[in-house]
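# Descriptive analysis of the structure
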Amino acid sequence: VGVNLFYFCIIIYLYGDLAIYAAAVPVSLMQVTCSATGNHSCSVADGTKYNDTDKCWGPIRRIDAYRLYLAAFTLLLGPFTFFNVQKTKYLQIMTSLMRWIAFILMIILALIRISRGQAEGHPSMAQLSGIRNLFGVCVYSFMCQHSLPSLITPISKKKHVNKLVLLDYILILAFYSLLSFTAIYCFRNDTLMDMYTLNFTNCDIISVAFIRYFLGLFPVFTISTNFPIIAVTLRNNWKTLFHREGGTYPWVVDRIVFPAITLIPPVLVAFCTHDLESLVGITGAYAGNGIQYLIPAFLAYCSRKDTQLVFGSGTVNKHLSPFRHTCWIVFVLLWGFSCFVFVTANIVLSEPKL
């Protein structure tokens, strides 16, 4: 039961990932290429709020352009779901390099604008209606822990591994904090876009056209490289969930059915909505809740019982956590359940955005 619940959480989470990615790339392309004035590179983030029914090119509306880009994205990257994606080392190095460049550029540009007295952001002290999306985004940001196994495994001497992991998380926190706080003070709340990079496609922010296009199209490059990897991961999770010892799948099921059920649902979700804020919030709040709180708590409880059976109750583990008491597990479970109830109530009571 625990294993099946784990796979269920992972699958829902990866479906949310793919839906967000499938929507983010067409949104970025639509925002950069569609313009009411014809000046594509300077009118994206000028504070104007566009509707999906506004014109993009001639008779084609913005929502039509978005769906055309979505169709192209699906046709170009969707077929990778039917194959294995391997040897992506250099692709991932290039993606990581582009992320570093984009993050540093956005932080520096926002700081320059704030230092010149051109900052427009005046954030309120608190806004309770945003807690649902805040919780979802916070859980979604927890994805940084996905890299922990690849960071820790190659280390032969793990004596100082705690300090290294602490340094890693301090670096992550520093980047999140710099990016978030420079954003809320640099831009007005009503002009902040779901894709933050699009706020830097305005000529008033940066006059260099290459940088504007690089930041505006940054999600296209990075997400396009990650989409096939996540799709193949989801497909393999489906296979593992239904796998039976010694059994094999028919060719049609293995090569057609599993890739199809992996690719079609997120594309349909992205076709129906491109509200990235809600997609991230809901994905993080539900599937992320299970991955971050519920599954680890049950896993810790069961593994401690198993350890006592294997090594005996008198064995001392030098790597014991300071949170080793069972009360912490109960606290995490209660916290996860209360977050689930709160987010659900907030979605029901607030105006639906999807």
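Bear in mind the structure is a predicted one, so any value in this text is a computation, not a measurement. Every chain begins its residue count from 1, and numbering advances along the sequence as written. It should be noted that, the model being predicted, local features are given only for residues of pLDDT at least 70 and side-chain atom pairs only at 80 or more, the latter also being counted only at that level, while totals for whole chains, interfaces and linings use all residues. Think of the side-chain values as coming from all heavy atoms in the structure, minus any hydrogens and water.

### Focus on the overall build of the protein
- Secondary structure counts use DSSP, requiring at least four H or I residues in a row for a helix and at least two E residues in a row for a strand, with both numbered from the N terminus. When its secondary structure is counted, the protein shows 11 helices and two strands.
- Along the protein, from the amino end to the carboxyl end, the secondary structure elements read α-β-β-α-α-α-α-α-α-α-α-α-α.
- Taken over 354 residues, the protein has a buried fraction of 39%.
- Here, two residues are considered to be in contact whenever any of their heavy atoms come within 4.5 Å of each other. Sequence separation of at least 24 residues holds for 79% of the intrachain contacts in the protein that already meet a minimum separation of 6.
- With residues, only the protein chains shown are counted as cover, and all accessible areas are computed by Shrake-Rupley using a 1.4 Å probe. Only carbon and sulfur atoms are counted for the fraction: they give 69% of the accessible area of the protein, which is about 21100 Å². Residue exposure (1.4 Å probe, protein chains only): buried if accessible area is under 20% of the type maximum, exposed if over 50%, otherwise partly exposed.

### A closer look at the packing of helix α3 (residues 89–115) against helix α8 (residues 218–242)
- Here an axis means a line fitted to C-alpha atoms, over the contact stretch when the element is a helix, while the angle between two N-to-C directions is reported on a 0 to 180 degree scale. Close contact between α3 and α8 brings their axes to 10 Å; oriented N to C, the two are set at 145°. Once α3 is placed against α8, the crossing between them reads as left-handed. On the side of α3, the interface is formed by L91, Q92, T95, M98, R99 and A102, while α8 contributes F218, F221, T222, T225, N226 and I229.
- By the convention adopted, Pro, Cys, Tyr, Trp, Phe, Met, Ile, Leu, Val and Ala count as nonpolar, Lys, Arg, Asp and Glu as charged, and the other residues, Gly among them, as polar. A class-by-class count of the residues in the contact of α3 with α8 yields six nonpolar, five polar and one charged. Less than a right angle of anticlockwise turn of the near helix away from the far helix marks a crossing as left-handed, whereas a clockwise turn marks it as right-handed.

### Quick look at the nonpolar core
- Grouped together as the largest cluster of nonpolar side chains are 49 residues, with contacts concentrated most on Y66, F227, L234, W238 and L276.
- For this core, the elements supplying multiple residues, two or more each, are α1 (2–33), α2 (62–77), α8, α9 (251–272) and α10 (276–311).
- Top contributing element to this core by residue count: α1, with 18 residues.
- The next biggest cluster of nonpolar side chains, apart from the first, holds 19 residues, and it includes L109, A110, C186 and F214. Nonpolar cores are built from buried Ala, Val, Leu, Ile, Met, Phe, Trp, Tyr and Cys residues. Side-chain atoms within 4.5 Å join them into one set.

### Regarding the layout of surface pockets
- Of the two site types, the cavity is a set of points on a 1 Å grid over the protein atoms alone where a 1.4 Å probe fits but cannot get out, and the pocket is an open set with protein on both sides within 12 Å along at least five of seven lines, each lined by residues with an atom within 4 Å of a point. Grid points are joined across faces, edges and corners, and a volume is the space filled by probe spheres set on the points. Taken as a whole, the second largest pocket holds about 870 Å³ of empty space.
- For the second largest pocket, the lining is made up of 19 residues, of which A300, R304, S321, P322 and F323 are closest to its centre.
- At the level of secondary structure, the elements contributing two or more residues to the lining of the second largest pocket comprise α6 (161–186), α10 and α11 (326–349).
- Element by element, the count of residues in the lining of the second largest pocket is highest for α10, at six residues.
- Grouping the constituent residues of the lining of the second largest pocket by class yields 11 nonpolar, four polar and four charged.

### Some thoughts on the packing of aromatic side chains
- Only Phe, Tyr and Trp rings take part, Trp by its six-membered ring, and two of them pair if their centres are within 6.5 Å. Stacked means planes under 30 degrees apart, edge-to-face means over 60, and tilted covers everything else. In the structure shown here, the tally under the stated rule is 15 aromatic pairs.
- Centroid distance F210 to F214: 6.4 Å. Interplanar angle 20°. Geometry classified as stacked. Taken together, the residues span about one helical turn, with F210 and F214 both in helix α7 (residues 209–216) at a distance of four residues.
- According to the relative accessible area criterion, F210 is exposed, its value standing at 65%.
- A relative accessible area of 14% places F214 in the buried class.

### Here we look at the UniProt feature "transmembrane region" (unreviewed entry) in the protein
- Cross-referencing UniProt, the feature "transmembrane region" (unreviewed entry) maps to residues 5–24, 66–85, 97–114, 134–152, 164–185, 205–234 and 327–349 in the present numbering.
- Across residues 5–24, helical content stands at 100% and strand content at 0%; the span's end C-alpha atoms are separated by 28 Å.
- For residues 164–185, helix accounts for 100% and strand for 0%, while the C-alpha atoms at its two ends are 32 Å apart. UniProt positions are given in the numbering used here, feature names are shortened, and annotations may be inferred rather than shown by experiment.

### A few points about the packing of α1 against α8
- Look at α1 against α8: their axes get within 9 Å of each other, and the N-to-C directions meet at 155°. Considering the angle they form, α1 stands roughly antiparallel to α8. α8 is crossed by α1, and the crossing has left-handed handedness.
- Each residue belonging to the contact of α1 with α8 can be placed in one class, and the counts come to 20 nonpolar, seven polar and one charged. These descriptions rest on fixed angle ranges, namely under 35 degrees for roughly parallel, over 145 for roughly antiparallel, 65 to 115 for roughly perpendicular, and the rest for oblique.

### Examining the pattern of salt bridges
- Salt bridges, as used here, are contacts in which a Lys or Arg side-chain nitrogen is within 4 Å of a carboxyl oxygen on Asp or Glu. A complete count under the given rule lists five salt bridges for this structure.
- Put simply, E120 and R113 hold a salt bridge, and the shortest N to O gap is 3.4 Å.
- A relative accessible area of 30% places E120 in the partly exposed class.
- Ionic pairing is found between E120 and R188, a salt bridge with its closest N-O pair at 3.6 Å. Of the two residues, E120 is situated in the loop between α3 and α4 (131–141) and R188 in the loop between α6 and α7; the sequence distance between them amounts to 68 residues.
- Because the salt bridges share partners, they merge into one network encompassing R113, E120 and R188.

### Thoughts on α3
- Multiply 1.5 Å by the residue count of a helix minus one, and that product is the helix's expected span. Taking 1.5 Å per residue, 27 residues should reach 39 Å; α3 reaches 39 Å between its end C-alpha atoms and fits that length.
- All buried positions along α3 are accounted for by T95, M98, A102, M106, I107, L109, A110 and R113.
- Looking at the buried residues of α3, the elements they touch are α6, α7 and α8.
- Looking at the residues trailing α3, positive phi occurs at G117, about 80°.

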